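Spelled out from the first residue to the last, the chains are:
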Amino acid sequence: MTVSPVEIDVSAETGALPQETFTDVAVVGTATAAPPEAAFGEVNRYQSASEVANDYGDGSDVHVASQAVAEMGADAWYVLVLEQTEVVDESVDDGTTVANTPIHGEAGVTADARDVVYSTDDPVSQPGDGEVAVNTATGEVVTDDGTAATLTYSYVDWSGLEELEYRGVNRAHLADTRAGREHIGDYDEFVSWASGAQVGVPLAIKNPSTFSSDEEAMTVAHEVAGYVPGGNVLGVVAKAGVDVGAYKLGQLAVNEAWFDPYFDNDGYPYAIDSIPGRLIGDPSTSETFVGGDADGNGPVNVVISVDGVNVLWRSVSTAGASSDYQYFDVQMTEYFATELIDNTLTSLELEQDRIPFTGDGQSMIEGAIVDALADYTGGPDDPFAETDIHVPEPEDLSEDDRANRNWTGITLDYQLTGSAQTFSVEMTLSA
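Keep in mind that what you see is a predicted model, and the values were worked out from it rather than measured. (Residues numbered from 1 in each chain as written. Predicted model: local features only at pLDDT ≥ 70, side-chain atom pairs only at ≥ 80, totals over all residues. Heavy atoms only, no water.)

With that settled, the discussion passes to the sheet that holds strand E8 (residues 141-143). Ordered by their spatial adjacency, three strands build an open sheet running E6-E7-E8, and the pairing between neighbours is mixed. At either margin of the open sheet sits one strand with a lone partner, and together these are strand E6 (115-118) and E8. Ignoring which end each strand starts from, the neighbouring axes of this sheet average 25 degrees apart. The pairing of E6 with strand E7 (residues 131-134) spans four bridges and is parallel. Note on E7: the bridge partner recorded for Asp115 is Glu131. (Pairing = 2+ DSSP bridges. Helix = DSSP H or I, 4+ residues; strand = E, 2+ residues; numbered from the N terminus. Axes fitted to C-alpha atoms, helices over the stretch in contact; angles between N-to-C directions.)

Here it is in structure tokens:
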């Protein structure tokens, strides 16, 4: 984890529209063989897709993603490739789990004498005759007849994602991945890391054209998005055979931290086929892509064409309508605010010999935060309509806090420009 003298806990009070941190982005890939001119687990920065092709291979997942990010106009991005390890012919008893979890969805699972079906159920439901059901997140395996299954699968050590935190990455994407049920294990790990690191994640759902019907595609979209609910996860569906998530990542890279991706008129440069309007829906209409399933879970946005421009219809997160973070840009703006404050108070610590537990110290902390927020408050293009800060009086701090040199109880209330949305930030400054 990165080292900082500032601890920030954030809680939303209502829900609406705001957005991002500072928009450094990364594409994350996996491979069985070491890259030709790079190493597993190292983070490299690039300014052209051809450089990525040279280091990681022409047509590699990170190269494909980098081409899309560059096409959207990003000046630079980070690349990380993690090692994918294959396990061959592992015997797994019915109702138990594989030895290595999560299972890597992109590589898939094969079984001797059975067809593999992927499940988001926990516990996994009984499959049909001649099938073995697998939940790639939990690793649970259920067979049709209760006997053991012989499986070949792969796994990835996702702990290497932590390296991205040292580069200050704000958005990250699993390269050249269109998520289906088989990918819930990968995204469960990826989103868990991203939430802790305050990183936004575009979740590109599998191309609806690969399903027997748009209704089936919608069901899978809800299941996958619903498995990784979060205000920092932006589910995207598009009838297109490209790396949709990488294009979204590139879009996030070139816009302000508080950018709302809804109906961005720059659009996306790839071709799409249409999805029936009755299935697209809106946040208040359940059993649609945007509204989620019957319970409102797993909402995803849809790329549509408007006057010849391909744009994102809505900007809901996978958190769902009942969350304060129903919209992706709400969580992203909160991330932006906390990073801005973290940087401000860290700089204050570095600039000052000491921050005394006196009225002078109180004024120093308050002044630094007010000055930092002033550039982002009050204007029509600013993320904050209003801000209000309260730094406790020194005498209100407990003896333990003073002894541990922690100035606790600092609160910030914001009204976001995107809508009548407020949230609070609780901070502790360790002197």
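Moving on, we come to the packing of aromatic side chains. Applying the stated rule across the entire model yields 16 aromatic pairs. For the pair Tyr46 and Tyr56, a centre-to-centre distance of 6.1 Å together with 75 degrees between the ring planes defines the contact as edge-to-face. In this pair, Tyr46 sits in strand E3 (residues 43-46) while Tyr56 sits in helix H1 (residues 49-56), placing the two residues ten residues apart along the sequence. Exposure remark for Tyr46: the relative accessible area of 4% places this residue in the buried category. (Phe/Tyr/Trp six-rings, centres within 6.5 Å; stacked < 30°, edge-to-face > 60°. Buried < 20%, exposed > 50% of the residue type's maximum accessible area, 1.4 Å probe, protein only.)

A word on the sheet that holds strand E11 (residues 201-204). Strand order in the open sheet made by the four strands is E11-E12-E13-E14, with mixed pairing throughout. In this open sheet, the two strands that pair with only one neighbour each are E11 and strand E14 (309-313). The mean angle between the axes of side-by-side strands here comes to 35 degrees, regardless of whether they run parallel or antiparallel. With five bridges joining them, strand E13 (residues 301-306) and E14 adopt antiparallel strand pairing. The residue bridging Val306 from the neighbouring strand is Val309, located in E14. The strands touched by helix H3 (residues 184-197) are E11 and strand E12 (233-237); relative to E11, the strand with the most contacts, the crossing angle is about 160 degrees. Where helix H5 (residues 244-253) meets the sheet, it contacts E11, E12 and E14, and its direction lies at approximately 150 degrees from that of E11. (Contact = heavy atoms within 4.5 Å.)

Note on placement: Ile410 falls in strand E16 (residues 406-416). Considered as a pair, Ile410 and Thr318 are 92 residues apart in the sequence and their alpha carbons are 30 Å apart.

Let's shift gears to empty space enclosed by the protein. Enumeration according to the criterion identifies two cavities of 30 Å³ or more in this entry. Put simply, the largest cavity is a space of about 50 Å³. Looking at the largest cavity, the residues that line it are Pro283, Val290, Gly291, Gly296, Pro299, Val316, Ser317, Gly320, Ala321 and Gln326. Looking at the lining of the largest cavity residue by residue, the classes come out as five nonpolar, five polar and no charged. (1 Å grid on protein atoms, 1.4 Å probe; cavity = no way out; pocket = protein on both sides within 12 Å on 5 of 7 lines; lining within 4 Å. Points joined across faces, edges and corners; volume = space filled by probe spheres on them. Nonpolar A, V, L, I, M, F, W, Y, C, P; charged D, E, K, R; others polar.)

Residues of helix H2 (residues 61-71) that are buried include every one of Asp61, Val62, His63, Ala65, Ser66, Ala68 and Val69, and no others. On its buried face, H2 sits against strand E2 (25-31), H1, strand E4 (77-92), strand E10 (171-174) and H5. Immediately beyond the C-terminal end of H2, within one or two residues, lies Gly73, with a positive phi of roughly 100 degrees.

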